[in-house]
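Close look at the chain arrangement
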Amino acid sequence: MSNTAISVSDLSKKYGGRMAVSHATFEVPLGTICGFVGPNGSGKTTTMRMLLGLITPTGGTGEILGESIKHPEKYLPRVGAMIEGPAFYPALSGSENLKYLANLGGFSTDRVQYLLDQVGLGDRAKSKYKTYSLGMKQRLGIAAALLPNPKLLMLDEPTNGLDPEGIQEVRSLLRALADEGTSVFVSSHLLSELELISDYLVMLRKGEVVFTGKMSDLMLDQQPVIIAKGAHESDLGALLAIAQRAGHRAVIRDGAVHVEGPAEWALEFNRAAFDAGITLSQLTPQLPNLEETFFEMTGEK
Amino acid sequence: MWRVALSELRKLRRPTLFLGTMGAVVFFSALFSSLLFLLIDSPDGNSDRGRTVSREVLGLATGGVQGFSSVGGFLGIIALCVFAAQTAQEYTYGTLRNILVRQPGRIRILVGKFIAMKLFALVMIIFSGIVSISASILLAPRAKVSTDLWFGPDGRHALLTTSINIIISVIGFGTIGMVLGLLLRSPISAISFGVLWLLIVENLLIAVKNSLQDWMPGAQLSAIASGGAVRGFTTGIEYSHALLVGGAYVAVGVIIASFLFLRRDVSN
């Protein structure tokens, strides 16, 4: 039995002359939470649609839970998904919408109320979908994805429209599901959220995979940064020059000098600044977070 | 397939759709049949397009189902709207992607939806039949129409054949609605196109060149509902011709729409 939840090789989708996804190759191990990130239009949703059998790839192969993506009927009963936001019938209640999908997939409707309670919609189960707020619609989408008690959960921007409490609840829910053995493949523009929960990461840029692997490997590979501020704003130029003279890449960003270099060099930097007559008001060595890494790798900022 | 049909019925039975549609069916069935008897002596006619159906014709074995037969084309238009809306809204609501994730067999989805909508259409026809025949029975004495032949073997045969003809016609109209829904992927476009074509464009074309009525899809399906030229409501179109040409339109539409539905990417 395969130990990967998702495995794709050279997966491509071409629309006219434009490659929406170009030779994507990556694997998502079973039982992990894998973040799927990329700028708008980088091909995340197209990739997810190909994995769910909604669109036909123009090239490459893929497997979900050990079954070829050419035969979605073999794996979809074990997959829960919410793609491009929730989509339900406005005139049916939340409960009726879930029962509709449960009937369709051959799942028991007994789980419907339990799932609605789990996503915090228990008391609005009988309200029509069209009366739901954006956050409630999103919660219903997550409940629908959980209907088959999935082995693999694929969520596209699940926290869209949720308040901070809702985001935290989704994060806890995904972590709990992963701990129970469910593999989670989740795209989000809230990179700080993904950084908190993801074990694995697949990063796309213009349809191409620019990173795939463990989140910890990605972060360890990143050059640490020392952030420094002088007592006066006019000190920034001098601090920048000190760092560059010492052979480090440095930029002025958000009113501080960001220097690429090991944390130990902070001591030397402090001394050099002191020698130049600059009193530092901040000197913070830190590893870049996922957001900074993302911008660095995708060239988005 | 049956799971799709069961799910679809959950959607079709919602009160606004079910009661609204059945309410319209009951109202217009009662109206069509009542006018047939209440306006029997009117110089302006008592049937569609100013035609007169005489006391003698209504007194035949087919008289009891005359109103039911007249409303058949109207039931077809309702079926077209319901089938088109229920199919096309999966695209506009974006629910098609949910359906395909839960049931990736696209042919099963089409067949399951079709079965459910056919059941809905059957209920519609049963309601219409009960209301229009009841109205005819109630109003016949007042219009001095003899009902003796209605309840004999020929009357029962007329009820059976009329019901079958209306079922074929309504399902045909509904299938065209479903095909339009799949092709145009928008309920408003599908319904507008279907209704405008059937009620206006076809009639204009036939008015310009009468022989075209033998080849227009709506005219064929209406002819089937009314039993063809024999009954005199759609003069010029033989029942067998209507069945053949109407069936060909429906079959070609189904083949094209199914092919597109099977092959088309779901990217909305």
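Predicted model only: the values in this text are computed from it and were never measured. (Residues numbered from 1 in each chain as written. Chains lettered and ligands numbered in written order. Predicted model: local features only at pLDDT ≥ 70, side-chain atom pairs only at ≥ 80, totals over all residues.)

**Structural notes on the sheet that holds strand E12 (residues 250-253) of chain A**
All names here are of chain A. Quick reminder of the rule: Should DSSP find at least two bridges between two strands, the strands are regarded as paired. Only DSSP runs of H or I covering at least 4 residues are called helices, and only runs of E covering at least 2 are called strands; the numbering of each starts at the N terminus. Fitted lines through C-alpha atoms serve as axes, helices being fitted only where they are in contact, and the angles separating the N-to-C directions of these axes extend from 0 to 180 degrees. Any two residues are considered in contact once their C-beta atoms, placed from the backbone, lie within 7 Å.
Read from one edge to the other, the open sheet built from four strands follows the order E12-E13-E11-E14, with strand pairing classed as antiparallel. Only two strands of the sheet have a single partner each, and these edge strands are E12 and strand E14 (280-286). The sheet shows a mean angle of 20° between the axes of neighbouring strands, direction not considered. Direction of pairing for E12 relative to strand E13 (residues 256-260): antiparallel, over a ladder of four bridges. Each residue of the ladder has a partner; that of Arg-253, found in E13, is Ala-256. In this fold helix H10 (residues 265-275) packs onto strand E11 (225-230), E13 and E14, with an angle of close to 160° to the strand it touches most, E14.

**Regarding the interface of chain A and chain B**
Note the following rule: Asp, Glu, Lys and Arg are counted as charged, while Ala, Val, Leu, Ile, Met, Phe, Trp, Tyr, Cys and Pro are counted as nonpolar; the rest, among them Gly, fall into the polar class.
Each partner contributes residues to the interface: chain A has 25 residues there, and chain B has 23 residues. Of all the secondary-structure elements, those providing two or more residues to the side of chain A that touches chain B are helix H2 (72-75) and helix H3 (94-105) of chain A. When grouped by side-chain class, the residues that make up the side of chain A that touches chain B number 16 nonpolar, five polar and four charged.

**Examining the confidence of the model for chain B**
Any residue range with low pLDDT should be treated as having predicted coordinates unsuitable for detailed reading. All names here are of chain B. What counts is decided by this rule: Residue-level confidence of the predictor is summarised by pLDDT, bounded by 0 at the bottom and 100 at the top.
Model confidence for chain B is summarised by a mean pLDDT of 87, while 97% of its residues fall at 70 or above. Of the regions scoring below 50 in pLDDT, residues 230-234 engages in eight contacts with residues more than four places distant in sequence or in other chains. Note on the complex model: pTM 0.81, ipTM 0.82.

**Focus: the nonpolar core**
Quick note on the threshold: A set of buried Ala, Val, Leu, Ile, Met, Phe, Trp, Tyr and Cys residues, joined through C-beta atoms within 7 Å, is what we mean by a nonpolar core. Remark: C-beta atoms are placed from the backbone, and a residue is labelled buried if 20 or more other C-beta atoms sit within 10 Å of its own, exposed if 12 or fewer do, or partly exposed between those counts.
Ranked by internal contacts, the top residues of the largest apolar core, which has 135 residues, are Ala-143 and Met-154 of chain A together with Leu-75 and Ala-79 of chain B. The greatest single-element share of this core, amounting to 13 residues, is contributed by helix H4 (residues 66-92) of chain B. Discounting residues that sit within four places of it in the chain, Ala-79 of chain B has contacts with Ala-121, Met-124, Val-170, Phe-173, Gly-174 and Gly-177 of chain B. Judged by nonpolar contacts, the second largest core, of 12 residues, contains Ile-226, Ile-242, Val-259 and Phe-269 of chain A.

**Structural notes on helix H5 (residues 134-146) of chain A**
The criterion, for reference: One less than the number of residues in a helix, times 1.5 Å, gives the span that helix is expected to have.
The end-to-end C-alpha distance of H5 of chain A, which contains 13 residues, comes to 19 Å, matching closely the 18 Å that a straight helix rising 1.5 Å per residue would cover. By the criterion of burial, H5 of chain A is predominantly enclosed, with 10 of the 13 residues buried. Of all the residues in H5 of chain A, the buried ones are Met-136, Gln-138, Arg-139, Leu-140, Gly-141, Ile-142, Ala-143, Ala-144, Ala-145 and Leu-146 of chain A. Those residues of H5 of chain A that are buried are in contact with strand E6 (79-82), H3, helix H4 (111-118), strand E7 (152-156) and helix H6 (164-179) of chain A together with helix H5 (96-102) of chain B.

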